[in-house]
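# Fold and contact review
Below, each chain spelled out in residue letters.
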Amino acid sequence: MQLKLSASKLPFAPLLLIAPFFLWGTAMVAMKGVIPHTTPLFMAGVRLIPAGMLILIAAAFMGKPQPKGWAAWLWIALFALVDGTLFQGFLAEGLVRTSAGLGSVMIDSQPLAVALLSLWLFQEHIGFWGWLGLGLGVTGISLIGLPDEWILHFLDSGANITIGNWQDLFASGEWLMLLAALSMAVGTVLIRFVCRHADPVTATGWHMILGGLPLWGVSSVVESQQWENLGASDLVALGYATVFGSAIAYGLFFYFASSGSLTSLSSLTFLTPVFALLFGNLFLSEVLSPLQWVGVFLTLISIYLINQRDTLAGQNDTVTVGEIANIQQPVLEASAKKLNPITLTVRESEREILP
């Protein structure tokens, strides 16, 4: 990992780096268990607004400055729209139509989009292994998201897809999860621009509050019975998803994203579906088809290839002492050749002083 090690200044830095992905994976399972008793947009708002308040309270205790100026609030508002409203809205609606484990795999394909955005905005190198990873990622996502009968029919004789089938496809949970993944990828890149004008911790808190308010507003119009059927276990699950899956997880993630390598941090995202699939199978008895398991495997391999591309290509940023000597020697020799002779005139009275 080539994270800037502001993270290493924190206690238990490796565990803190892994924590957001473990919390997201387990929160996905908790949300899936609650969704039959509530509505998706209301639940998405619950994940954002109380969590944002908790982050702002923590930021106040930490002495973090509040955003100042119109530029800071405009960037936070854009951040809130993309990573708050759109991401959580697509995520919640997608969870209604897909499983927690499968949904997490779709969400955590976002490093593919982060790699492309980083190439475009920050000129990050992708290389052969990175492009191979992108190709495997597209294949894996297709195996996960497309219906099995489409894939089998295409392999047999070519698929004849009607307009009605495409409409059904884009209404499915898997494609809503892909839209959520794209929103999160854009949000991950946006945090760099936001942090030029505001503190990352307070910006994260405000973006969750501003992003959650539209979700509650739309929920009040198009949804009903948002909390009437919630039981004690549902409230505990929502509390876990809010405090641990949102406040702590997003606070840590965007803190690291603001100061470290985006692609290196995103490489840890492959842990989230592992946690979600494990706990989804344990608590919700969810299973995937064989083709979807192949897609999951290819997606995880693609994420690994993209984020370890420099290591696989044999590039090493460390320079040994011998290499430094080899570099310095020709430089010194070239410098010596360029030195011009200097003529000094010495008077008779000064010859005794000079050696």
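Computed from a prediction, not measured in an experiment: that's the story for all the values here.

This paragraph deals with the side chain of T39. Tracing the backbone shows T39 in the loop between α1 (13–34) and α2 (40–62). On the basis of relative accessibility, which here comes to 10%, the residue T39 falls in the buried class. Within polar-contact distance, the side chain of T39 engages the side chain of E223 at 2.6 Å. Once you skip the residues sitting within four places of it in the chain, T39 turns out to touch S219, E223, S224 and Q226.

Now for the packing of aromatic side chains. Applying the stated criterion across every chain yields a total of 13 aromatic pairs. Aromatic side chains Y240 and F244 sit 5.3 Å apart centroid to centroid with 25° between the ring planes, which places their arrangement in the stacked category. Remark: F244 and Y240 occur in helix α11 (residues 232–259); sequence separation between them is four residues, near one turn of the helix. Among the residues examined, Y240 registers a relative accessible area of 25% and is labelled partly exposed. Judged by its relative accessible area of 37%, F244 is partly exposed. Ring geometry for F253 and F254: centres 5.2 Å apart, planes at 75°, overall edge-to-face. Each residue in the set F21, W24, F79, F87, Y250, F253 and F254 is aromatic and connected to the rest through ring pairs, giving one cluster.

What follows deals with the nonpolar core. Counting residues in each nonpolar core, the largest one holds 47 residues, and the members touching the most others are W24, M43 and L91. Contributing elements (two or more residues each) for this core: α1, α2, α3 (70–97), α9 (173–194), α10 (200–222) and α11. In terms of nonpolar packing, the next biggest core, distinct from the first, is built from six residues, A113, L117, A185 and F193 among them.

Turning next to the environment of R192. Of note, R192 is situated in helix α9. The partly exposed category is assigned to R192, whose relative accessible area is 23%. The spatial distance from the C-alpha of R192 to the C-alpha of F254 is 9.3 Å, given a sequence separation of 62 residues.

Here we take up the packing of α2 against α10. Here α2 crosses α10 at 155°, and the two axes come no closer than 7 Å. Between α2 and α10, the angle is such that the two are roughly antiparallel. Where α2 crosses over α10, the handedness of that crossing is left-handed. Tallied by class, the residues present in the contact of α2 with α10 amount to 20 nonpolar, eight polar and one charged.

The next subject is the layout of surface pockets. Here the largest pocket defines a volume of roughly 320 Å³. As for the largest pocket, its lining consists of 14 residues, of which M62, V201, I248, G251 and L252 are closest to the centre. Breaking the lining of the largest pocket down by element, the ones donating at least two residues are α2 and α11. For the lining of the largest pocket, the element with the highest residue contribution is α11, accounting for six residues. Across the lining of the largest pocket, the residue classes break down as 12 nonpolar, one polar and one charged.

Conventions and cut-offs
Throughout this document, residue positions are counted from 1 along each chain, in the order its sequence is written. With the structure being a predicted model, the display of local features is reserved for residues of pLDDT at least 70 and the display and counting of side-chain atom pairs for 80 or more, all residues being used for whole-chain, interface and lining totals. Side-chain numbers come from the whole structure's heavy atoms, not from hydrogens or water. Put simply, DSSP H or I for four residues or longer makes a helix, DSSP E for two residues or longer makes a strand, and each gets a number counted from the N terminus. With a 1.4 Å probe rolled over the protein chains alone, any residue whose accessible area is under 20% of its type maximum counts as buried; one over 50% counts as exposed, and the rest are partly exposed. What qualifies as a polar contact is a pair of N or O atoms within 3.5 Å, subject to a donor-acceptor requirement within protein and to the restriction that residues adjacent in sequence count only when both atoms come from side chains. For this analysis, residues touch if any pair of their heavy atoms sits within 4.5 Å. We call Phe, Tyr and Trp rings a pair once their centres come within 6.5 Å, taking the six-membered ring for Trp, and we label the pair stacked below 30 degrees between planes, edge-to-face above 60, and tilted otherwise. Take the buried Ala, Val, Leu, Ile, Met, Phe, Trp, Tyr and Cys residues and link them wherever side-chain atoms come within 4.5 Å; each set so joined is a nonpolar core. Axes here mean lines fitted to C-alpha atoms, for a helix over just the part in contact, with angles spanning 0 to 180 degrees between N-to-C directions. Here is the rule for angles: anything less than 35 degrees is roughly parallel, anything more than 145 is roughly antiparallel, 65 through 115 is roughly perpendicular, and the remaining ranges are oblique. It is the rotation of the near helix from the far one that decides the hand of a crossing: anticlockwise by less than a right angle makes it left-handed, clockwise makes it right-handed. Here the nonpolar group is Ala, Val, Leu, Ile, Met, Phe, Trp, Tyr, Cys and Pro; Asp, Glu, Lys and Arg are the charged ones; every other residue, Gly included, is treated as polar. Here a cavity is any set of points on a 1 Å grid over the protein atoms alone where a 1.4 Å probe fits but cannot get out, and a pocket is any open set with protein on both sides within 12 Å along at least 5 of 7 lines; a residue lines the site when it has an atom within 4 Å of a point. Grid points are joined across faces, edges and corners, and a volume is the space filled by probe spheres set on the points.

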